[in-house]
Amino acid sequence: MGEFKVHRVRFFNYVPSGIRCVAYNNQSNRLAVSRTDGTVEIYNLSANYFQEKFFPGHESRATEALCWAEGQRLFSAGLNGEIMEYDLQALNIKYAMDAFGGPIWSMAASPSGSQLLVGCEDGSVKLFQITPDKIQFERNFDRQKSRILSLSWHPSGTHIAAGSIDYISVFDVKSGSAVHKMIVDRQYMGVSKRKCIVWGVAFLSDGTIISVDSAGKVQFWDSATGTLVKSHLIANADVQSIAVADQEDSFVVGTAEGTVFHFQLVPVTSNSSEKQWVRTKPFQHHTHDVRTVAHSPTALISGGTDTHLVFRPLMEKVEVKNYDAALRKITFPHRCLISCSKKRQLLLFQFAHHLELWRLGSTVATGKNGDTLPLSKNADHLLHLKTKGPENIICSCISPCGSWIAYSTVSRFFLYRLNYEHDNISLKRVSKMPAFLRSALQILFSEDSTKLFVASNQGALHIVQLSGGSFKHLHAFQPQSVEAMCLLAVSPDGNWLAASGTSAGVHVYNVKQLKLHCTVPAYNFPVTAMAIAPNTNNLVIAHSDQQVFEYSIPDKQYTDWSRTVQKQGFHHLWLQRDTPITHISFHPKRPMHILLHDAYMFCIIDKSLPLPNDKTLLYNPFPPTNESDVIRRRTAHAFKISKIYKPLLFMDLLDERTLVAVERPLDDIIAQLPPPIKKKKFGT
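The present account deals with the structure reproduced in this document. Predicted model, so just to flag it, every value in this text is computed and none were measured.

### Brief notes about the overall build of the protein
And step 1. Looking only at helices and strands, the protein has 4 helices and 57 strands in total.
And step 2. Relative to the globule expectation of 26 Å for 684 residues, the C-alpha radius of gyration of the protein, 27 Å, shows essentially globular dimensions.
And step 3. Each principal axis of the C-alpha distribution contributes one length, and for the protein these read about 80 × 65 × 50 Å.
And step 4. The 684 residues of the protein split such that 57% are buried.
And step 5. Look at the contacts in the protein between residues 6 or more apart in sequence, and 48% of them connect residues 24 or more apart.
And step 6. Side chains of the protein carry 72 positive and 59 negative charges; the gap between the two charge centres is 4 Å.

And the structure:
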């Protein structure tokens, strides 16, 4: 692998926002996730659970409900009282409409997908018709005395169940009037509580209503008579969420204690046709409240305050051992929040509402492999750049020379010029930035820091010339498709620019001639990272299914090495990794080396060595050091993998002998979360 001096950075104080709600789309096999800061993420479960899209958060948007309607249309509602629809192509908000009922606590789409129901703070249930362009208010249902915290449609679309404080209401959709009102028992562990909050309801096709509440109970109700049929006390704290399988043969609930319970409909006896609901499996994959759950055909999905998105496979539903048969925990975003100035050894960290600029420490000490060297100069926190307004930062970048910082929000684009004088740093904002640069999804500087490349959410790619403290807009490449470009890569010589969307192919542009050069053949899985190699101008592309391609830009075809890889195939352990490659770079003096990393490993691919086959040890390419050099060379293969650094958010070469690795240990994140509910343990 070679010997590197590694800067192990652990001062990126990044804490992901907690998960508030999830919505699973069975048609497209996608999952929408809303976080407490208003950010909405889209995960493609068919593409190895890759986070292919995201919508930046907003301080005034506390999303409480999320749902899919009419197939591919995504809606959200929250405590600001607005219903929003998301544009999944341009990656922005199509429109926001006030429901005029105060804060919205719940939302549900009709089984046909043509109607939308919201539950409000003032006790009203409002029905909206979904039109091709917008949503249109249809009517109010009978107003209740307290806020509507949960909603569920009957599969026939004729009735709805609404959970509130102390009771559940059943409405007739045609008339809008309440048919039944079922009072929930306030008893909790033998003590009468002041209020019982119905956090979730589910309406089954046989007329059964399942409710979960703050008294720790899962209850079954008969909607025809309005009576309680059965009750399960499953927790000493709130049961906060419920989701039912499409076949209605199982459902999942999440509790404030961090436990997820699975209920299944099973025969009473082995030969009986009569069935009953039985609690079959408890899962403890969370440390804090499970605020939301979803039920896909093959997995139970949960998320909450501890920021983890957990996929727990149902082994009886998984036919073959593949990606779907492994427990997954997604904690970190599948995009890079860190950029690096190699010349000045600076790191720029992106947070929701500010940027931090740090200078790396240095050492004069030497040592052998594996030694920790003492710092002669500590890392310096040079800059804390706070944004104005309530919008989250979408993307940011520092130039390779360290003299420019750019970042974007939904409504504005910011460019700053940095001047360094000894240990002092001064910052000057470049004014009158054009409006079409706002809502940038990706920002990138050329290697010589004279050009700025901006991918807007409208699909256009802008080239900006930088000189002194000013800028000049040079050119805009018009979009090749309606899809926004999310990833950019520029060649070290500045002649080529590659751009990729979430599903469209990779487009390569000639920067000197200002025209489209070629399009890389489309592939079934989205691009997770890409980079252009120096000298050869080969484009290396990593996809979410862990395939890596090398494409020659001058020759407009895949390289011989890439064809060999596709013919032989990657090692099965390489393909079974469950985190995407998020960064690719190259060694300046070793053209045969490709450096890449995901959250749990750093890898150098040596193209001069043979590829490993499935019988070879992937993670131990060298035999013991006491073996002869001949044997070592004979058994060596192209993949040199290190798992020392994890979770790894960023890794890059600073120079030919120095690496920087940014880690974010999970214990540091958990330490900054609110304390979980204390549970009595035996013997304590």
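### Quick notes on the pairing of strand 37 (residues 404-408)
And step 1. Of all the 5 residues making up strand 37, 5 are buried; the element is thus mostly covered by neighbouring parts of the structure.
And step 2. Bridge count for strand 36 (residues 395-398) against strand 37 is 4 bridges, and the pairing is antiparallel. Its bridge partner lying in strand 37, Ile398 is registered against Ile405.
And step 3. Hairpin connection of strand 36 to strand 37: 5 residues between the antiparallel strands, including Gly402 at a positive phi of 80°.
And step 4. In this sheet, strand 38 (residues 413-421) lies alongside strand 37 in antiparallel orientation, the contact comprising 5 bridges.

### Structural notes on the packing of aromatic side chains
And step 1. Under the definition given, this model contains 23 aromatic pairs.
And step 2. Note on Tyr523 and Phe525: the rings are 6.0 Å apart at their centroids and 45° apart in plane angle, and the pair reads as tilted.
And step 3. A relative accessible area of 28% means that Tyr523 is categorised as partly exposed.
And step 4. Lying over the aromatic face of Tyr167, Lys181 brings its terminal NZ or CZ to 4.2 Å of the ring centre.
And step 5. One Lys or Arg, Arg335, reaches over the ring of Phe54 and ends 3.7 Å from the middle of that ring.

### Quick word on the side chain of Ser214
And step 1. Within the secondary structure, Ser214 is located in the loop between strand 21 (208-213) and strand 22 (217-222).
And step 2. At a separation of 2.8 Å, a polar atom in the side chain of Ser214 contacts the main-chain amide nitrogen of Ile197.

### Quick word on the environment of Phe141
And step 1. Residue position: Phe141 is located in the loop between strand 13 (135-140) and strand 14 (150-153).
And step 2. Sequence spacing of Phe141 and Gly157 is 16 residues, and the spatial spacing of their C-alpha atoms is 15 Å.
And step 3. Setting aside anything within four residues of it in sequence, one finds Phe141 in contact with Leu117, Val125, Leu127, Ile160, Phe171, Val173 and Gly176.

### What about the sheet that holds strand 53 (residues 593-597)?
And step 1. Ordered in space as 52-53-54-55, the 4 strands form an open sheet in which the pairing is antiparallel. The two strands at the open ends of the sheet, each matched to only one other strand, are strand 52 (583-586) and strand 55 (639-642). Looking at each pair of strands side by side, their axes are set apart by 20° on average, direction ignored.
And step 2. As paired strands, strand 53 and strand 54 (residues 602-606) are joined by 5 bridges and run antiparallel to one another. In the sheet register, His597 faces strand 54, and the bridge partner there is Phe602.

### Examining the environment of Val170
And step 1. Mapped onto the fold, Val170 is located in strand 16 (residues 167-172).
And step 2. The exposure class of Val170 is buried, given its relative accessible area of 2%.
And step 3. Along the primary structure Val170 and Ile541 are separated by 371 residues, whereas in three dimensions their C-alpha atoms are 53 Å apart.

### Description of unusual backbone geometry
And step 1. The step from Lys646 to Pro647 runs through a cis peptide bond, and the omega angle for that step is -15°.
And step 2. In this structure, Pro647 sits in the loop between strand 55 and strand 56 (648-655).
And step 3. Positive phi values are uncommon outside glycine, yet Lys556 reaches one of about 55°.
And step 4. By the secondary structure assignment, Lys556 is in the loop between strand 50 (548-552) and strand 51 (557-558).
And step 5. You can call Lys556 partly exposed: its relative accessible area is 45%.

### A few points about the side chain of Thr307
And step 1. Relative to the helices and strands, Thr307 resides in the loop between strand 29 (299-304) and strand 30 (309-313).
And step 2. Apart from the residues within four sequence positions on either side, Thr307 is in contact with Pro16, Ser17, Gly18, Ile19, Arg35, Ile330, Thr331 and Leu673.

### Let's talk about the nonpolar core
And step 1. Core analysis: the largest hydrophobic core is formed by 23 residues, its most contacted members being Trp574, Ile584, Leu596 and Phe639.
And step 2. Counting residues in hydrophobic clusters, the runner-up holds 18 residues, among them Tyr14, Phe349, Leu649 and Leu654.

### Some points on the sheet that holds strand 39 (residues 424-429)
And step 1. Pairing within the open sheet is antiparallel, and its 4 strands lie in the order 36-37-38-39. Unpaired on one side and paired on the other, strand 36 and strand 39 mark the two borders of the sheet. Strand-to-strand, the axes of this sheet are offset by a mean angle of 20°, without reference to chain direction.
And step 2. Relative to strand 39, strand 38 runs antiparallel, the two sharing 6 bridges. Paired with Glu421 across the two strands is Asn424, which belongs to strand 39.

### Section: the pattern of salt bridges
And step 1. Within the structure shown, the criterion is met by 17 salt bridges.
And step 2. The salt bridge partner of Glu64 is Arg20, with a shortest N-O separation of 2.8 Å. You can see Glu64 sitting in strand 6 (residues 63-69) and its partner Arg20 sitting in strand 2 (residues 19-25), a full 44 residues away along the chain.
And step 3. The class of Glu64 is buried, set by a relative accessible area of 13%.
And step 4. A salt bridge links Asp598 to Arg577, with the nearest nitrogen and oxygen atoms 3.0 Å apart. Highlighted residues: Asp598 in the loop between strand 53 and strand 54 and Arg577 in the loop between helix 2 (572-575) and strand 52, separated in sequence by 21 residues.
And step 5. On the basis of relative accessibility, which here comes to 7%, the residue Arg577 falls in the buried class.
And step 6. A cluster of three or more residues bridged by salt bridges with shared partners is formed by Glu70, Arg73, Glu85 and Lys94.

### Points about helix 1 (residues 560-568)
And step 1. Of the positions making up helix 1, those classed as buried are Trp561, Ser562 and Val565. Buried residues of helix 1, viewed axially, fall in a sector of 100°; they line one side. In helix 1, the exposed positions that point more than 90 degrees away from the buried face belong to Asp560 and Lys567.
And step 2. Buried-residue contacts for helix 1 involve strand 50, strand 51, strand 53 and strand 54.
And step 3. Trailing helix 1 by a residue or two, Gly569 shows a phi angle of about 90°, which is positive.

Criteria and thresholds
- Residues numbered from 1 in each chain as written.
- Predicted model: local features only at pLDDT ≥ 70, side-chain atom pairs only at ≥ 80, totals over all residues.
- Heavy atoms only, no water.
- Helix = DSSP H or I, 4+ residues; strand = E, 2+ residues; numbered from the N terminus.
- Rg over C-alpha atoms; globule rule 2.2 N^0.38 Å.
- Buried < 20%, exposed > 50% of the residue type's maximum accessible area, 1.4 Å probe, protein only.
- Contact = heavy atoms within 4.5 Å.
- Lys, Arg positive; Asp, Glu negative; His and termini not counted.
- Charge placed at Lys NZ, Arg CZ, Asp CG, Glu CD.
- Pairing = 2+ DSSP bridges.
- Phe/Tyr/Trp six-rings, centres within 6.5 Å; stacked < 30°, edge-to-face > 60°.
- Lys NZ or Arg CZ within 6 Å of the ring centre and 35° of its normal.
- Polar contact = N/O pair within 3.5 Å; in protein donor to acceptor, adjacent residues only side chain to side chain.
- Axes fitted to C-alpha atoms, helices over the stretch in contact; angles between N-to-C directions.
- Core = buried A, V, L, I, M, F, W, Y, C linked by side-chain atoms within 4.5 Å.
- Salt bridge = Lys/Arg side-chain N within 4 Å of Asp/Glu carboxyl O.
- Arc of directions from axis to C-beta.

Remember that the coordinates give geometry; whether it matters functionally is a separate question.
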